[in-house]
Amino acid sequence: MTTGTTASGSTEPLANEPSIGQVLGNARVAAGLTVDEVSAETRVRVPIVHAIEEDDFSRCGGDFYARGHVRALARAVGVDGDELVRRYDAAHGGAPQDAKVPLFENVGDRRISAERRRPNWTAAMVAAIVVVIAVIGFNLAQSPHATPAAANTPSAAATPSIGPVLHPTLPSSTPAPVKGSAIAAAPAGKVTVKLLAQNGDSWMMVKDGTGKVIFEGDLAQGQSQTFTDNKQLKLVFGNAGGVHVWANGKDLGTAGGDGQVVNVTYTPGDPVAG
């Protein structure tokens, strides 16, 4: 099949054959799988699965990772991943000639994707702290009359900021729920959940107590949604770190880490995940 590539990084078929994304999407539906189930099995984030099924490979981080995502999704939905990768290469200038590191390596019975490796924050933090201590010690040695006020130098003050912040505080401009608010005043025996895309955009899906999907789509940063049900609410977040949650009038903070896919269930009463 002959394909073409758009400026956004998507691959569009030029003939009347299904595109790579259509093949994967149709196979997933035929297998009775949801996007969330495929994401959980392949470790490919929900927004990226949606983008690939729409033939948008710009969110994959490059051809190397796009090939790995296509193979993983193909394996999950039961289609020929090698054939889809050949089609991808044909539309993107051919396969690489000098790639010597396989995308996956066997470790026991599991396959670990190279793209899932994370930087060693602990080692980085320890190294940075050692450097700061060495600098302070050197300054003290050079200035024998230095007073304890040296601890207030910019180098010492900067130490606590090393490393990622996993739980950012709520900006002062965002009011916390108060007694008598719409959430706190929810009728007894019902579950009420308010969601605010505070730290970034997030794809999300919400199901009511009967299992019906009552919302599925992107919540842009700054937007909010409130849902109520008599029995329970099941939610899936594609970027849990971007969403602030209030359940039954209680402030639960962010739903998880940045880029983390989180499934949670709330029922009337105490907002504990089901």
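Quick caveat, the model's predicted, so the values are computed rather than measured. (Residues numbered from 1 in each chain as written. Predicted model: local features only at pLDDT ≥ 70, side-chain atom pairs only at ≥ 80, totals over all residues. Heavy atoms only, no water.)

**As for the overall build of the chain**
Test applied: Segments assigned H or I by DSSP are reported as helices when at least four residues long, segments assigned E as strands when at least two residues long, and all are numbered from the N terminus. Exposed residues in this analysis have more than 50% of their type's maximum accessible area, buried residues have under 20%, and partly exposed residues fall in between, with area computed by a 1.4 Å probe over protein chains only. Contact criterion: two residues are considered in contact whenever any of their non-hydrogen atoms come within 4.5 Å of each other.
For the chain, the count of helices and strands is 7 helices and 12 strands. Relative to its full complement of 274 residues, the chain shows a buried share of 36%. When contacts within the chain are restricted to residue pairs at least 6 apart in sequence, those whose partners lie at least 24 apart make up 57%.

**Describing the nonpolar core**
The nonpolar side chains of soluble globular proteins are, as a tendency, buried together. Where we set the bar: Buried Ala, Val, Leu, Ile, Met, Phe, Trp, Tyr and Cys residues that are joined via side-chain atoms within 4.5 Å together make up what is termed a nonpolar core.
Counting residues in hydrophobic clusters, the biggest one holds 25 residues, and the most contacted among them are I20, L24, I52, F57 and L84. At the level of secondary structure, the elements contributing two or more residues to this core comprise α1 (20–30), α2 (35–42), α3 (46–53), α4 (63–77), α5 (81–91) and β6 (202–207). In terms of residues, this core owes the most to one element, α4, which gives 6 residues. If we ignore the near neighbours within four places in the chain, the residues touching L84 are I20, V23, L24, V70, A74 and V79. The next biggest cluster of nonpolar side chains, apart from the first, holds 19 residues, and it includes L195, L233, V243 and V262.

**So, the pattern of salt bridges**
Pairing between side chains of opposite charge can happen when the charged atoms of each approach one another. This is how it is decided: A carboxyl oxygen of Asp or Glu within 4 Å of a side-chain nitrogen of Lys or Arg is what we treat as a salt bridge.
Counted under the stated rule, the structure contains 4 salt bridges. With its nearest N and O atoms 2.4 Å apart, the salt bridge here joins R71 to D82. One end of the pair, R71, is in helix α4; the other, D82, is in helix α5, and 11 residues separate them in sequence. Look at R71 and you get partly exposed, because its relative accessible area is 31%. For D82, a relative accessible area of 41% translates into the label partly exposed. In this structure, E83 and R86 form a salt bridge, with 3.0 Å as the shortest nitrogen-oxygen distance. Taken as a pair, E83 and R86 lie in helix α5 at a separation of 3 residues, close to a single helical turn. Residue class for E83 comes out partly exposed when judged on its relative accessible area of 34%.

**Thoughts on unusual backbone geometry**
Most peptide bonds take the trans configuration, and most residues that are not glycine carry a negative phi. Unlike most non-glycine residues, R43 shows phi in positive territory, near 65°. By secondary structure assignment, the location of R43 is in the loop between α2 and α3. At N248, a residue that is not glycine, the phi angle is positive and equals roughly 50°. With respect to the secondary-structure elements, N248 resides in the loop between β10 (243–247) and β11 (250–254).

**Here we look at the side chain of R87**
Note the following rule: Here a polar contact is taken to be a pair of N or O atoms separated by no more than 3.5 Å, where protein atoms must pair a possible hydrogen donor with a possible acceptor and residues adjacent in sequence count only if both atoms sit in side chains.
With respect to the secondary-structure elements, R87 resides in helix α5. For R87, the side chain forms a polar contact with the main-chain oxygen of P18, separated by 2.7 Å.

**Here we look at the sheet that holds strand β12 (residues 262–266)**
Stated precisely, the cut-off is as follows: Whether two strands pair comes down to DSSP finding at least two bridges between them. To get an axis, fit a line to the C-alpha atoms, keeping to the stretch in contact for a helix; angles then go from 0 to 180 degrees between the N-to-C directions.
Strand order across the open sheet formed by 4 strands is β7-β6-β9-β12, with antiparallel pairing between neighbours. Each having just a single partner strand, β7 (213–219) and β12 make up the two edges of the open sheet. Sheet twist, expressed as the mean angle between neighbouring strand axes with direction ignored, is 15°. Looking at chain direction, β6 and β7 are connected through 6 bridges and run antiparallel.

**What to know about the sheet that holds β10**
The sheet built from 4 strands is open, its strands ordered β8-β5-β10-β11 with antiparallel pairing. The sheet is open, and its two edges are formed by β8 (224–229) and β11, each paired on a single side. Ignoring strand direction, the axes of neighbouring strands in this sheet form an average angle of 15°. Of the strand pairs in this sheet, strand β5 (residues 191–197) and β8 are connected by 6 bridges, and their pairing is antiparallel. The residue bridging V193 from the neighbouring strand is F227, located in β8.

**Notes on the packing of aromatic side chains**
Applied cut-off: Within 6.5 Å between ring centres, the rings of Phe, Tyr and Trp (the latter by its six-membered ring) count as paired, and their orientation is classed by plane angle as stacked under 30 degrees, edge-to-face over 60, tilted in between.
Applying the stated criterion across every chain, the model contains 3 aromatic pairs. Look at F64 and Y65: their rings are 5.4 Å apart centre to centre, the planes differ by 85°, and that puts the pair in the edge-to-face class. Where F215 meets F227, the ring centres are 5.9 Å apart and the plane angle is 50°; that geometry is what we call tilted. Remark: F227 occurs in strand β8 and F215 occurs in strand β7; sequence separation between them is 12 residues. For F215, a relative accessible area of 18% gives the class buried. When its relative accessible area of 8% is taken as the criterion, F227 is described as buried.

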